[in-house]
Amino acid sequence: MQAVYDFLAQAYWSKGRPRERTDEGFANSLVFGLYDGERQIGLARVITDYSIVAYLCDVFIDEGYRGNGLGKWLVESVLAHPNLKDVRRWLLVTDDAHELYRRYDFTALDHVENWMQRLQPFPGEGG
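Fair warning: this is a prediction, and the values are worked out from it, not measured in the lab.

### Some remarks on helix α2 (residues 19-27)
All of the buried residues along α2 are Thr22, Gly25 and Phe26. For α2, the arc enclosing every buried residue in end-on projection is 100°, short of the 170-degree limit, so these residues lie on one face. Those residues of α2 that are exposed and angled more than 90 degrees off the buried face are Glu20 and Ala27.

### What about the pairing of strand β3 (residues 53-61)?
Burial analysis of β3 places seven of its nine residues in the buried class, the great majority of the element. When strand β2 (residues 39-48) meets β3, the two strands line up antiparallel, connected through six bridges. Within β3, the position partnered with Ile47 by the bridge is Tyr55. With antiparallel pairing between neighbouring strands as the criterion, β2 and β3 make up a hairpin whose turn holds four residues, including Tyr50 at a positive phi of roughly 65°. Of the strand pairs in this sheet, β3 and strand β4 (residues 89-92) are connected by four bridges, and their pairing is parallel. Bridged to Tyr55 within β4 is Leu91. On the question of chirality, the crossover connecting β3 to the parallel β4 by way of helix α3 (residues 70-80) is right-handed.

### Overview of the nonpolar core
Grouped together as the largest cluster of nonpolar side chains are 21 residues, with contacts concentrated most on Phe32, Val46, Leu56, Val78, Leu84 and Trp90. For this core, the secondary structure elements donating two or more residues are β1 (30-36), β2, β3 and α3. Top element by residues in this core is β3. It accounts for four residues. With residues near it in sequence (within four places) discarded, Leu84 still touches Leu30, Phe32, Val46, Thr48, Tyr50, Val78, Leu79 and Trp90. One finds Ala11, Phe26, Leu43 and Phe60 within the second-largest nonpolar core, a separate group that totals seven residues.

What counts as what
Residues numbered from 1 in each chain as written. Predicted model: local features only at pLDDT ≥ 70, side-chain atom pairs only at ≥ 80, totals over all residues. Heavy atoms only, no water. Buried < 20%, exposed > 50% of the residue type's maximum accessible area, 1.4 Å probe, protein only. Helix = DSSP H or I, 4+ residues; strand = E, 2+ residues; numbered from the N terminus. Arc of directions from axis to C-beta. Pairing = 2+ DSSP bridges. Right-handed = clockwise from strand over helix to strand, strands pointing away. Core = buried A, V, L, I, M, F, W, Y, C linked by side-chain atoms within 4.5 Å. Contact = heavy atoms within 4.5 Å.

See the structure below:
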C-alpha cells in the first residue's frame, strides 16, 4: 500500500490530498489493485451506485511497468467487472490519457456547460 501512497503523493490529480482522505476514499470505493508478486504496481478506484453512474479515478501504473499493456488491461478489467458492466454513465477526469480512454468509448462531456461541481479545500488547505 505504501507504493500507492507514494505515487498519489506526487500525482497531479492528488498532490496535497491528506493520507486520511485517501484511506477514507478507498474504504468507500471499489478498488482494483495490480500486483507483480507482492509488489503493488497499479491501481484503479471506482466510486459508484452500481447502476446509474460510476466515476473512475486514481488510475495508475508504476512507471517501470508502463508500455506493456497493463493500463489497458486494468481499465478493461474494471469495465468488465460483473457489478459494473451495466452501469449507464461512466465519468473520469484526465489531463493526459484521453487516447487510452477513447478506446473504451469515453468521450468529452456533452453540454459541459450543464455540469457543475462543488469543490471544497481539504482541512488546512485554504480556499
